[in-house]
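# Structural features, examined
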Amino acid sequence: MRASGGSSASTITVTVRDALGNAVSGALVMLSGTGTGNTLTPSGTTDGTGQMTGTLSSTVAETKTITATVGSVTIANKPTVTVNPADASQLVFTVQPSNVVVGSLLSPVAVTALDAFGNTATGFTGNAQIAIGNDPSLLPPATLGGTVTVAAASGVATFADLTIDKLGLGYTLVVTAAGVPTGATSDLFNVLTIL
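Because the structure is a prediction, the values reported are computed rather than measured.

Each value, and the rule that gives it
Residues numbered from 1 in each chain as written. Predicted model: local features only at pLDDT ≥ 70, side-chain atom pairs only at ≥ 80, totals over all residues. Heavy atoms only, no water. Helix = DSSP H or I, 4+ residues; strand = E, 2+ residues; numbered from the N terminus. Contact = heavy atoms within 4.5 Å. Polar contact = N/O pair within 3.5 Å; in protein donor to acceptor, adjacent residues only side chain to side chain. Pairing = 2+ DSSP bridges. Phe/Tyr/Trp six-rings, centres within 6.5 Å; stacked < 30°, edge-to-face > 60°. Buried < 20%, exposed > 50% of the residue type's maximum accessible area, 1.4 Å probe, protein only.

### Focus: the environment of tyrosine 171
- Residue position: tyrosine 171 is located in strand E17 (residues 168–171).
- Each C-alpha atom of the pair tyrosine 171 and threonine 39 lies 43 Å from the other, and the pair is 132 residues apart in sequence.
- With residues up to four places along the chain from it excluded, the contact list for tyrosine 171 reads Ile132, Asn134, Asp135, Pro136, Ser137, Ala142, Ile164, Lys166, Asp187, Leu188, Phe189 and Val191.
- Polar side-chain contacts of tyrosine 171 include one of 2.9 Å to the backbone oxygen of lysine 166.

Below, the structure written as structure tokens:
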């Protein structure tokens, strides 16, 4: 199941039987789930076959444990449902660039792909491209050196060898990726003669 606002859901079926193994109809069943962001069909009564069916959807990617209670009895069998992230919809800087001496390597910069619910889109392995956004240097413009296209691993792209060749106060970096609708702009940082 993928994180969603309800369009992706897991079906949970509870079967209630008496001590002789006969189906019990009309029994009230309450469902609950661990974690956050859940939409769970919380209760219902069993049908003629002793079954009550509910659904679980969630906006939070994590493993959920489902508990069913029939009357005052909590069923010992507690199945788990794994909610996986949805597709990448935005990029965010998770490690921002920091001030640097001109021509020196920036500290590694990391960008994470998130789904629409803020989960890391671990299935995203596409290429992220980084460039200078705001360029406060004098003409000609500054050049961003290093590897500017990096393949994401489990939704994270790390740019480890970037340099900027001109002094300036208030640089930003921008990152985009094919198939991800929203890119990101870094915080401001400076390229100085000394730190």
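### A few points about the sheet that holds strand E12 (residues 127–132)
- Judged by pairing direction, the sheet is antiparallel, and its four strands sit side by side in the order E14-E12-E18-E19 without closing on themselves. A strand with exactly one partner marks an edge of an open sheet, and here the two such strands are strand E14 (149–151) and strand E19 (184–185).
- Looking at chain direction, strand E18 (residues 173–177) and E19 are connected through two bridges and run antiparallel. What sits directly across from valine 175, in E19, is alanine 184.

### Some remarks on the packing of aromatic side chains
- Enumeration according to the criterion identifies one aromatic pair in this entry.
- Centroid distance tyrosine 171 to phenylalanine 189: 5.9 Å. Interplanar angle 25 degrees. Geometry classified as stacked. Separated by 18 residues along the polypeptide, tyrosine 171 in strand E17 and phenylalanine 189 in strand E20 (residues 189–192) bring together distant segments of the chain. Comparing tyrosine 171 with phenylalanine 189 shows no difference in burial state: the two are buried.

### Examining the pairing of strand E6 (residues 63–70)
- Judged from the five bridges that link them, strand E2 (residues 28–33) and E6 form a sheet pairing that is antiparallel. Looking at E6, one finds that methionine 30 is bridged to threonine 69.
- In terms of strand pairing, E6 meets strand E8 (residues 80–82) through three bridges, oriented antiparallel. Bridge assignment links threonine 63 to a residue of E8, and that residue is threonine 82.
- One ladder, built from two bridges, connects E6 with strand E7 (residues 73–74); its direction is antiparallel. When the bridges of E7 are listed, threonine 69 appears paired with threonine 74.
- Remark: two residues form the turn of the hairpin made by E6 and E7, two consecutive strands paired antiparallel; glycine 71 in that turn has positive phi of roughly 65 degrees.

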